[in-house]
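# Remarks on the overall topology
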Amino acid sequence: ALTGIASAAMSTTDSLLLAAALPTAFCGHAVDLGAGTGAVAFRLAARCPAARVTAIERDETALSAANAARNLPENAAFASRVTLAAADITAPDSVGAELTADAVLFNPPFFVEGRGRPSPDPARTAARRLPAGGLAPWFAAAHRILQAGGLVATIVPPARLAEAISAPGFGA
């Protein structure tokens, strides 16, 4: 069912875990923040035949690759239930106020801006480095979109767990 996605989307264990966060009977609207080339959104749509999925990504090249993968004949079974949207979720006004979700999934960048060696590919560096503001903009976007009683699934490194747990709208 996921034939052809690997040619356009980096498929990682993280994408498998996020897509598996929702039960196969999930029948609501899920939003994948920072969707990249769509691996999480596609896996979720393939696993949950009644789900509608919106994949939000700021990088036009990644979004174009996601669109190409979505349009492959092998992905026709779920393609009509996946919407791709260009937006920078770290910019509060970038994601429309009308967007709501029953579930929000995201895998924010793991690396802190200015630390470690950046990739020679600027787009890869941007996708993997957490800019100023840390995880707060990601959780703020999830909070704006999520309907009451909804689910958030994310993957963060252990070193950032306290930051995730204390995120406004979600923390203890």
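This section reports on the structure supplied with the text. (Residues numbered from 1 in each chain as written. Predicted model: local features only at pLDDT ≥ 70, side-chain atom pairs only at ≥ 80, totals over all residues. Heavy atoms only, no water.)

## Remarks on the overall build of the protein chain
This is how it is decided: Secondary structure follows DSSP: runs of H or I at least 4 residues long count as helices, runs of E at least 2 residues long count as strands, and numbering of each begins at the N terminus. Partly exposed describes any residue whose relative accessible area lies between the buried limit of under 20% and the exposed limit of over 50%, with all areas from a 1.4 Å probe on protein chains only and scaled to the type maximum. In this analysis, two residues are considered to be in contact whenever any of their non-hydrogen atoms come within 4.5 Å of each other. Computed with the Shrake-Rupley method and a 1.4 Å probe, the accessible areas treat only the protein chains shown as cover for residues.
When its secondary structure is counted, the protein chain shows eight helices and seven strands. Of all 172 residues assigned to the protein chain, the portion counted as buried reaches 41%. Partitioning the intrachain contacts of the protein chain with sequence separation of at least 6 by distance along the chain shows that 73% fall at a separation of at least 24. By element, 59% of the accessible surface of the protein chain is carried by carbon and sulfur atoms, the whole surface being about 8600 Å².

## Details of the pattern of salt bridges
Definition in use: In what follows, salt bridge is the name for a side-chain nitrogen of Lys or Arg lying within 4 Å of a carboxyl oxygen of Asp or Glu.
For the coordinates displayed, the defined rule picks out one salt bridge. For glutamate 163, the salt bridge goes to arginine 160, with nearest N and O atoms at 2.7 Å. On the basis of relative accessible area, glutamate 163 is assigned to the partly exposed category, the value being 28%.

## A closer look at the nonpolar core
Keep this limit in mind: As used here, the term nonpolar core means buried Ala, Val, Leu, Ile, Met, Phe, Trp, Tyr and Cys residues forming a set that is joined through side-chain atoms within 4.5 Å.
Grouped together as the largest cluster of nonpolar side chains are 25 residues, with contacts concentrated most on Leu22, Phe26, Ala30, Leu44, Val82 and Leu105. Of all the elements in the fold, those that place two or more residues in this core are α2 (13-19), α3 (39-47), β2 (52-57), α4 (60-70), β3 (82-86) and β4 (101-106). Ile56, Ile89, Ala101 and Phe106 belong to the second largest nonpolar core, which has 21 residues in total.

## Some thoughts on the sheet that holds β2
Operational definition: At least two DSSP bridges between two strands are required for those strands to pair. Throughout, an axis means a line fitted to C-alpha atoms (over the contacting stretch in the case of helices), and angles, computed between N-to-C directions, take values from 0 to 180 degrees.
Here five strands make up an open sheet; going across it, the order is β3-β2-β1-β4-β7 and the pairing parallel. The open sheet has two free edges, formed respectively by β3 and β7 (146-154), since each of these has just one partner strand. Each strand of the sheet is rotated relative to its neighbour by a mean of 20°, with strand direction disregarded. Across five bridges, the pairing between strand β1 (residues 29-33) and β2 is parallel. Looking at β2, one finds that alanine 30 is bridged to valine 53. Docked against the sheet, helix α7 (residues 136-145) engages β1, β4 and β7, running at close to 145° with respect to β7.

## A closer look at the side chain of glutamate 57
So the rule is basically this: Working convention for charge: Lys and Arg count positive, Asp and Glu count negative, and His plus the chain ends are omitted. Definition of a polar contact: a pair of N or O atoms within 3.5 Å, with one able to donate and the other able to accept a hydrogen when the atoms are protein atoms, and with sequence-neighbouring residues admitted only if both atoms are side-chain atoms.
Relative to the helices and strands, glutamate 57 resides in strand β2. Of the buried charged residues, glutamate 57 lacks a salt bridge, with arginine 58 as the closest side chain of opposite charge at 5.0 Å. A distance of 3.0 Å separates the side chain of glutamate 57 from the backbone nitrogen of aspartate 59, its partner in a polar contact. Not counting residues within four places of it along the chain, the set of residues in contact with glutamate 57 comprises Gly34, Ala35, Gly36, Ala62, Leu63, Ala85, Ala86 and Ala87.

## With respect to the packing of aromatic side chains
Going by this rule: Within 6.5 Å between ring centres, the rings of Phe, Tyr and Trp (the latter by its six-membered ring) count as paired, and their orientation is classed by plane angle as stacked under 30 degrees, edge-to-face over 60, tilted in between.
For the structure on display, the rule yields three aromatic pairs. Aromatic pair phenylalanine 106 and tryptophan 138: ring centres 5.9 Å apart, planes at 20°, arrangement stacked. Here the residue phenylalanine 106 occupies a position in strand β4, and tryptophan 138 occupies one in helix α7, the gap between them amounting to 32 residues. Each ring, one from phenylalanine 106 and one from phenylalanine 139, has its centre 5.1 Å from the other, and the planes form 80°; the classification is edge-to-face. Within this pair, whereas phenylalanine 106 is found in strand β4, its partner phenylalanine 139 is found in helix α7, the two being separated by 33 residues in sequence. Ring pairing ties together the aromatic residues Phe106, Trp138 and Phe139, which thus form one cluster.

## Here we look at the state of the cysteines
As a reminder, the rule being used: We call a pair of cysteine sulfur atoms a disulfide whenever their separation is within 2.5 Å.
Scanning the model with the defined rule gives zero disulfides in all. Free cysteine: cysteine 27, not disulfide-bonded; nearest cysteine sulfur from cysteine 48 at 9.6 Å. Given the relative accessible area of 58%, cysteine 27 is considered exposed. What makes cysteine 48 buried here is its relative accessible area of 0%.

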